[in-house]
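Spelled out, the chains give:
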Amino acid sequence: MDESAFRQARDTMAPRPCAFEKAMLAGACACPLAARRNIAEREAVTCTSPSAREECAALCALLRQNSAFALKLTQVDAPLPHAKEMKLQCGGLQGVLRALAHSAVPGSAADAPEPDAGGGQSAADVRGLVEAAREKFGSLQNLPYSTIVQSVVAYQIRRRRSER
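Residues numbered from 1 in each chain as written. Predicted model: local features only at pLDDT ≥ 70, side-chain atom pairs only at ≥ 80, totals over all residues. Heavy atoms only, no water.

S.K.: How should I be thinking about the overall build of the protein chain in this particular structure?
M.R.: Within the protein chain, the secondary structure is distributed over 6 helices and 2 strands. In the protein chain, the order of α-helices and β-strands from amino to carboxyl end is α-α-β-β-α-α-α-α. Counting across all 164 residues of the protein chain, residues that qualify as buried make up 40%. For the protein chain, restricting intrachain contacts to residue pairs at least 6 apart in sequence, the fraction spanning at least 24 positions comes to 67%. For the protein chain, the accessible area works out to roughly 9,900 Å², and carbon and sulfur atoms hold 50% of it. (Helix = DSSP H or I, 4+ residues; strand = E, 2+ residues; numbered from the N terminus. Buried < 20%, exposed > 50% of the residue type's maximum accessible area, 1.4 Å probe, protein only. Contact = heavy atoms within 4.5 Å. Areas by Shrake-Rupley, 256 points an atom, 1.4 Å probe, with all protein chains shown as cover.)

S.K.: What should I look at first to understand the state of the cysteines in this one?
M.R.: The full count for this structure, using the stated rule, is 0 disulfides. The thiol sulfur of Cys29 is not disulfide-bonded, and the nearest other cysteine sulfur, from Cys90, lies at 6.5 Å. Counting only cysteine sulfurs, Cys47 is the nearest neighbor of Cys31, a cysteine outside any disulfide, at a range of 6.1 Å. (Disulfide = S-S within 2.5 Å.)

S.K.: Explanation requested: the pairing of strand β1 (residues 34–39) in the structure shown.
M.R.: The two faces of the sheet receive side chains in turn, since in a regular strand these alternate between them. Bridge analysis of β1 against strand β2 (residues 42–47) gives 6 bridges, and the strand direction is antiparallel. Paired with Asn38 across the two strands is Glu43, which belongs to β2. Counted between consecutive antiparallel strands, the loop separating β1 from β2 contains 2 residues, among which Ala40 sits at a positive phi close to 55°. (Pairing = 2+ DSSP bridges.)

S.K.: In this structure, what is going on with the nonpolar core? I would like to understand it.
M.R.: Soluble, globular proteins show a tendency: their nonpolar side chains are buried together. In this structure, Phe20, Leu59, Val96, Val126, Leu140, Leu143 and Tyr145 are the most contacted members of the largest nonpolar core, which totals 36 residues. If you tally residues by element for this core, the top one is helix α4 (residues 82–102), at 8 residues. Listed in part, the 5 residues of the second largest apolar core include Phe6, Ala9, Ala14 and Ile39. (Core = buried A, V, L, I, M, F, W, Y, C linked by side-chain atoms within 4.5 Å.)

S.K.: Hey, could you run me through the environment of Pro32 in this one?
M.R.: Take Pro32: it is sitting in the loop between α2 (21–25) and β1. Residue Pro32 is classed as exposed on the basis of its relative accessible area, which comes to 62%. Distance from Pro32 to Asp125, taken between C-alpha atoms, is 7.0 Å for residues 93 residues apart in sequence. Discounting chain neighbours no more than four positions away, the residues touching Pro32 are Asp125 and Arg127.

S.K.: Is there a simple way to think about the confidence of the model for the protein chain in this case?
M.R.: In regions of low pLDDT, the predicted coordinates are not meant to be interpreted in detail. Here the protein chain averages 84 in pLDDT, while 85% of its residues score no lower than 70. Taking the mean pLDDT of every element in the protein chain, the minimum, 76, falls on helix α1 (residues 3–13) and the maximum, 96, on helix α3 (residues 50–67). In the model, residues 107–121 has pLDDT below 50 throughout and makes 15 contacts with residues more than four positions away in sequence or in other chains. (pLDDT = per-residue confidence, 0-100.)

S.K.: Would you explain unusual backbone geometry in this entry?
M.R.: Generally, phi is negative for residues other than glycine and the peptide bonds are trans, each holding for most cases. The phi dihedral of Lys72 is positive, around 60°, even though this residue is not glycine. By secondary structure assignment, the location of Lys72 is in the loop between α3 and α4. The exposure class assigned to Lys72 is exposed, which follows from its relative accessible area of 71%.

S.K.: Explanation requested: the pattern of salt bridges in the structure shown.
M.R.: Note on pairing: side chains with opposite charge can pair once their charged atoms come close. One pass over the full model with this rule turns up 5 salt bridges. A salt bridge links Arg36 to Glu43; its shortest N-O distance comes to 3.1 Å. In this structure Arg36 comes out as partly exposed when scored by relative accessible area, which is 44%. One salt-bridge network, held together by shared partners, links Glu55, Arg127, Glu131 and Arg134. (Salt bridge = Lys/Arg side-chain N within 4 Å of Asp/Glu carboxyl O.)

S.K.: Sorry if this is basic, but what is going on with helix α6 (residues 145–154) here?
M.R.: Along an α-helix, residues three or four apart share an orientation, since each turn contains 3.6 residues. Every buried residue of α6 is accounted for by Tyr145, Ile148, Val149, Ser151 and Val152. Down the axis of α6, the smallest arc covering the buried residues is 155°, so these residues share one side. With respect to the buried face of α6, the exposed residues turned more than 90 degrees away are Ser146, Gln150 and Ala154. Buried residues belonging to α6 abut α3 and α4. (Arc of directions from axis to C-beta.)

Printed below as a string of structure tokens:
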């Protein structure tokens with residue numbers, strides 16, 4: 001299947017691509033509203049809720065805008081290389097998770113997301129994370145992006161194993 005045929009099939013089968021598709025395909029997060037689709041030998045993730053997709057896309061755009069300097073981007077709207085997109089999506093979700101955990105009121109520790117067993121943060125439910133951030137900070141624009149960007153910069157993508 002050539003690239004143009006793939007894109008046409010993808011647009012038909014996945015009309016609302018997930019804003020955090022790369023992070024989901026890498027196993028860094030999940031979402032109850034995500035639906036995986038196999039197209040030829042590739043996999044795509046689509047969102048089953050138009051309103052949730054818009055809110056996640058808004059968060060992704062805000063992460064990109066606020067991380068532009070840290071990622072050394074000259075154009076915010078230009079397509080990103082895979083590694084930078086992974087840092088933005090995975091690191092951004094980890095940063096939102098950490099911002100929620102650090103802003104928790106001492107009496108409401110049950111509402112704060114828990115770190116995963118490996119000591120890192122796990123964004124197991126992207127939709128729940130976005131809703132919790134909106135509720136906690138009033139809107140996605142009010143998130144502490146200076147803290148979140150630190151997680152974007154610190155995120156390390158998995159390196160390829162060398163073949164012997």
